[in-house]
Amino acid sequence: MNTNGHEHVIEVTDLRRVYGGGFEAVRGISFSVDRGEVFALLGTNGAGKTSTVELLEGLARPAEGRVRVLGHDPYAERAAVRPRTGVMLQEGGFPSELTVAETARMWAGSVSGARPEAEVLELVGLAGKTGVRVKQLSGGERRRLDLALALLGDPEVLFLDEPTTGLDAEGRRDTWELVRGLRDTGTTVLLTTHYLEEAENLADRLAILHEGRIAATGTPAEVTASQPSRISFELPHGYFVGDLPPLDEIGVCGHEVEGRVVRLRTHALQRTATRLLVWADAAEVELRRLDVRSASLEEAFLGIAREAAEAAGAKEYAA
């Protein structure tokens, strides 16, 4: 239990994972996840996401550090943790000759207090596919089946590894609504995804991993706020960048000019936009093709990854 009254359902402290040959995939990370929270782990390939999640699921013992899920060590006390968690892997690997209903029934037999299979299949949109063999399902339908099986035990903690890979836009949105509903009823969800829009829409908080370390963490809004917003427009004929208000005085931290199109970067979007529009009004000119927007999570992700790589490169050069 933490000091502000929220229960830490997942606690990770100074976690390290080292593979044979000395490769350090996870390099001393710490984070926590509260009950009823969706927490996203993001990162490029090789960042350490899967290595971290496997430790949380109790599939391996950390080289160093501490993991607690529902107050227990998921590796040493697996029997106390496993019945209360659900896991959706990137690939389920179920027998291809079984039907959807048979697969759900088989899986329910290994789960304590399993929910009715028909109820869970209805929940993920597979009620009409119960007699279809697994090998005949589309990629998206197989992902729905993977999710259904993860939900059979009505888990308190749900691990979702790339849950919407292979789904079409409608299927992805349906899955998002399902995850939100689970969160609203108190289920804690730890999510890995390559779809940054998915993390932006679902996650209450997130962490961006880079080469086994946490490069940034916070709410999606907090993480995106670390990157500059953008304003672009077309200069009126007869005007140049030098005719604009002094850029440093209106909060601009960088700019580019391409023909008559000006692109400004700013950490003070409201001030910059206001001063720019006041200038245009006083000059009685129109800023055509005006586009004002905050940074997206994708831009923040790429910027943070680039900054982390540059910092690591500088450190290696200095050494």
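Scroll up for the structure.
These remarks concern the structure in this document. (Residues numbered from 1 in each chain as written. Predicted model: local features only at pLDDT ≥ 70, side-chain atom pairs only at ≥ 80, totals over all residues. Heavy atoms only, no water.)

**Focus: the overall build of the protein chain**
Under the convention used in this document: The way it works is that DSSP assigns letters per residue, a run of H or I at least four long becomes a helix, a run of E at least two long becomes a strand, and they are numbered from the N terminus. Remark: exposure states derive from per-residue accessible area (1.4 Å probe, protein chains only) relative to the maximum for the residue type, with buried under 20%, exposed over 50%, and partly exposed in between. Working definition of accessibility: Shrake-Rupley area with a 1.4 Å probe, residue cover restricted to the visible protein chains. His is not counted here, nor are the chain ends, while Lys and Arg score as positive and Asp and Glu score as negative. By convention, charge coordinates are those of NZ in Lys, CZ in Arg, CG in Asp, or CD in Glu.
From N to C terminus, the protein chain includes 10 helices and 13 strands. Going through the 319 residues of the protein chain one by one, you find that 46% of them count as buried. Accessible surface, the protein chain as shown: approximately 16000 Å² in total, 48% of it carbon and sulfur. Within the protein chain, the 49 negative side-chain charges are centred at a point lying 3 Å from the centre of the 36 positive side-chain charges.

**Notes on the sheet that holds strand E8 (residues 205-210)**
Through backbone hydrogen bonds, the strands of a sheet pair up, either in parallel or in antiparallel fashion. Heads up, the condition is: In this analysis, strands are considered paired if DSSP registers two or more bridges between them. Working convention: axes come from line fits to C-alpha atoms, limited for helices to the stretch in contact. Angles between N-to-C directions cover 0 to 180 degrees. By the convention used here, residues are in contact when the closest approach between their heavy atoms is within 4.5 Å.
Pairing is mixed in the open sheet, where 6 strands are placed in the order E5-E6-E7-E3-E8-E9. Each edge of the open sheet is held by one strand with a lone partner, namely strand E5 (85-88) and strand E9 (213-218). Taken pair by pair, the neighbouring strands of this sheet meet at an average axis angle of 15 degrees, ignoring direction. Of the pairings in the sheet, the one linking strand E3 (residues 38-43) to E8 comprises 5 bridges and is parallel in character. In the sheet register, Phe39 faces E8, and the bridge partner there is Arg205. Lying on the sheet, helix H1 (residues 49-56) is in contact with E3, strand E6 (157-161), strand E7 (188-192) and E8; it crosses E3 at an angle near 140 degrees.

**Section: H1**
Since one α-helical turn is 3.6 residues long, residues separated by three or four positions face the same way. With 6 of 8 residues buried, H1 is to be regarded as a mostly interior element. Just past H1, the residue Gly58 takes up positive phi, approximately 80 degrees.

**With respect to the sheet that holds strand E1 (residues 8-18)**
Within the open sheet, the 3 strands sit side by side as E2-E1-E4. Their pairing is antiparallel. Each edge of the open sheet carries a strand with a single partner, namely strand E2 (24-34) and strand E4 (64-69). Neighbour-to-neighbour, the strand axes of this sheet turn through a mean angle of 15 degrees, independent of strand direction. As defined by bridge partners, E1 adjoins E4 across 5 bridges and the pair is classed as antiparallel. Residue pairing across strands places Ile10 opposite Val69, the latter belonging to E4. H1 rests against E1, E2 and E4 of the sheet, and its axis sits at about 125 degrees to E1.

**Structural notes on the packing of helix H5 (residues 139-151) against helix H6 (residues 169-184)**
Which entries qualify depends on this criterion: Should an angle fall under 35 degrees it is taken as roughly parallel, and over 145 as roughly antiparallel, whereas 65 to 115 is taken as roughly perpendicular and any remaining angle as oblique. Lys, Arg, Asp and Glu make up the charged group, whereas Ala, Val, Leu, Ile, Met, Phe, Trp, Tyr, Cys and Pro make up the nonpolar group; the residues left over, Gly among them, are polar.
Interhelical geometry of H5 versus H6 gives an angle of 10 degrees and a closest axis separation of 12 Å. Compared by their axis directions, H5 and H6 come out roughly parallel. Across from Arg144, Leu147 and Leu151 in H5, the residues of H6 making contact are Gly171, Asp174, Thr175, Leu178 and Leu182. Of the residues contributing to the contact of H5 with H6, the split by class is 4 nonpolar, 2 polar and 2 charged.

**Concerning the nonpolar core**
What counts is decided by this rule: Definition used in this section: a nonpolar core is a set of buried Ala, Val, Leu, Ile, Met, Phe, Trp, Tyr and Cys residues joined via side-chain atoms within 4.5 Å.
Counting 41 residues, the largest nonpolar core has Leu42, Leu145, Leu151 and Leu160 as its most contacted members. Here this core takes 6 residues from H5, the largest share from any one element. Those residues in contact with Leu42 that lie beyond four places of it in its chain are Lys49, Thr193, Leu196, Ala199, Leu206, Ala207, Ile208, Leu209, Leu297 and Phe301.

**Points about the side chain of Arg180**
Tracing the sequence through the fold places Arg180 in helix H6. For Arg180, the contacting residues outside a window of four places in its chain are Asn201 and Leu202.

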